[in-house]
Amino acid sequence: MSHKALRVYDNGGATAVLETVETPKLEAGDVLIDAHYSSINFKDALAVTGKGKIMRRFPTTAGIDVAGVVEASEDERFQPGDQVLVNGYGLGENSDGGLAEMVVTRADYLVPLPEAFSMQDAMALGTAGFTAGISAYRMLQNDQDPEMGKILVTGATGGVGSVATLLLSRLGFEVVALTGKAEQAGDYLSSLGAVQVLDRHALEMTDKPLASVEYAGAVDSVGGDTLSWLTRVTAPEGNLASCGLAGGVKINTTVMPFILRGVNLLGINSVTLPMAVRLKVWDMLAEHIKADDLAAITRQVIGLDEVIQHVGELMDGTMLGRYVVDLKKG
Ligand SMILES: NC(=O)c1ccc[n+]([C@@H]2O[C@H](COP(=O)([O-])OP(=O)(O)OC[C@H]3O[C@@H](n4cnc5c(N)ncnc54)[C@H](OP(=O)(O)O)[C@@H]3O)[C@@H](O)[C@H]2O)c1
């Protein structure tokens, strides 16, 4: 049996090619998924363009998430016909990923598709939405409360940012959206629930170790100077969910926010999150986010043969919302 897959080769830099490959045989504990939907995440864009070192071996099929139907299973927990999703666990990094018509993965990594979501809905969220979910989940676990004040969402028009804005608003928080596209995306962010939209190009970021409190917490997909600044202006006991690096990896701060204000820096990793927590995060997303919301954040549903032409938008920061990939299209 063979299937189409978006393969990334290392030819001194990465080259992505849509090609037909042999579908691997299953080993004990494996499942074969008839893949229906995937999505384009920042990490996929890094992998496909070769701008980031994502894949651990070459060639590898790209795609860090997928939703589909179990076609064959070598694990008794899953049967043919089960609708499932997978994200993280090295999918599309150290094993062949979800931008393919068929996916072989470990049964241990499968999440039963939440009842509230179609397979397309699940991938409209995808890894980006799931990461926004982990961020909100960890903040709530660490006693973030709407009474404490406003939450800043950075990189707000991106995949993580869009879902974080939506989800935190649904959870009763006042969300301020920080974006590089304040003019063209103001209405979009307000429709997701943002009470205020700020232009990141006009933001003055103090470098004083402690400055006046501006936010009660943040979901930060930008990192770098933005996260450094957030440590200085976050309220006592506030939580900063650090989940991304769209603006940089290096942070420059002092211990003062942590020891004098009890500010909490929460690390968010969608790849290694244990299954028990993973299921709780998907439950939380299913409770608060509806199909109509997901239609609003879906920029376009594209085919597997259209992925390469769209990844650049995530690399140059012009992306708004999420690209869903219909693996049955075309
Ligand atoms: N920790 C995890 O497990 C995990 C999982 C998923 C994603 N991530 C990370 O989260 C980040 C966002 O992922 P995504 O899928 O949401 O990507 P995305 O859809 O491309 O969104 C990124 C957004 O960040 C903003 N941005 C881009 N370049 C910037 C810059 N130089 N300075 C400041 N802001 C910039 C832009 O939003 P505005 O124009 O609105 O500012 C952009 O739309 C990435 O770094 C990704 O690697 C981490």
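Rules and cut-offs
- Residues numbered from 1 in each chain as written.
- Predicted model: local features only at pLDDT ≥ 70, side-chain atom pairs only at ≥ 80, totals over all residues.
- Heavy atoms only, no water.
- Helix = DSSP H or I, 4+ residues; strand = E, 2+ residues; numbered from the N terminus.
- Rg over C-alpha atoms; globule rule 2.2 N^0.38 Å.
- Buried < 20%, exposed > 50% of the residue type's maximum accessible area, 1.4 Å probe, protein only.
- Contact = heavy atoms within 4.5 Å.
- Areas by Shrake-Rupley, 256 points an atom, 1.4 Å probe, with all protein chains shown as cover.
- Pairing = 2+ DSSP bridges.
- Axes fitted to C-alpha atoms, helices over the stretch in contact; angles between N-to-C directions.
- Near = heavy atom within 4 Å.
- Polar contact = N/O pair within 3.5 Å; in protein donor to acceptor, adjacent residues only side chain to side chain.
- Core = buried A, V, L, I, M, F, W, Y, C linked by side-chain atoms within 4.5 Å.
- Domains from an automatic or database assignment.

What the chain contains, in helices and strands, is nine helices and 16 strands. Since a compact globule built from 330 residues should have a radius of gyration of about 20 Å, the 20 Å found for the chain is in line with a globular shape. The principal-axis extents of the C-alpha atoms in the chain amount to approximately 60 × 40 × 35 Å. Counting over 330 residues, the chain shows a buried share of 55%. The contacts of the chain with a sequence gap of at least 6 include a subset with a gap of at least 24, amounting to 70%. In the form shown here, the chain has an accessible surface area of approximately 13800 Å², with 49% of it arising from carbon and sulfur atoms.

The next thing to look at is the sheet that holds strand β11 (residues 196–199). Across the sheet, six strands lie side by side as β11-β10-β9-β12-β13-β14; this open sheet has parallel pairing. The outermost strands of the open sheet, each flanked by one partner alone, are β11 and β14 (264–267). Across this sheet, the average inter-strand angle for adjacent strands is 20 degrees, counted without regard to direction. Sheet topology places strand β9 (residues 151–153) next to strand β12 (residues 215–220); three bridges connect them, and they run parallel. Within β12, the position partnered with I151 by the bridge is G217. Against the sheet, helix α2 (residues 119–141) engages β9, β12, β13 (234–242) and β14, with an angle of about 150 degrees to β12. Relative to β13, helix α5 (residues 224–233) is tilted by about 160 degrees, and along the sheet it contacts β9, β10 (175–179), β12, β13 and β14.

The subject of this paragraph is the site of the ligand. Taken together, 26 residues lie around the ligand, and T157, V160, T179, C243 and S270 are the ones closest in. A distance of 2.9 Å is found between an oxygen atom of the ligand and a backbone nitrogen or oxygen belonging to G159. When the free accessible area of the ligand is taken as 920 Å², the share hidden by the protein chains comes to 87%. Mapped by element, the contributors of at least two residues to the shell around the ligand are α2 and α3 (159–170).

This brings us to helix α1 (residues 42–49). The set of residues buried in α1 consists of D44, A45, L46, A47 and V48. Buried positions along α1 lie against β1 (2–10), β2 (14–22), β3 (30–40) and α9 (307–315). Where α1 ends, the next residue or the one after it, G50, has phi of about 80 degrees, a positive value.

So, on to the nonpolar core. The nonpolar side chains of soluble globular proteins are, as a tendency, buried together. Core analysis: the biggest nonpolar cluster contains 53 residues, and V219 and L285 have the highest contact counts within it. Taken together, the elements giving at least two residues each to this core come down to β5 (65–73), α2, β9, α3, β10, α4 (182–191), α7 (275–288) and α8 (291–297). No other element matches α2, which puts 12 residues into this core. Per-domain counts for this core show at least three residues from each of domain 1 (2–116 + 290–326) and domain 2 (128–267). With sequence-adjacent residues up to four places away left out, L285 is seen in contact with F117, L125, G129, F130, G133, V163 and L167. Listed in part, the 34 residues of the second largest apolar core include A35, A45, V48 and V325.

Nothing here speaks to function; it is geometry throughout.
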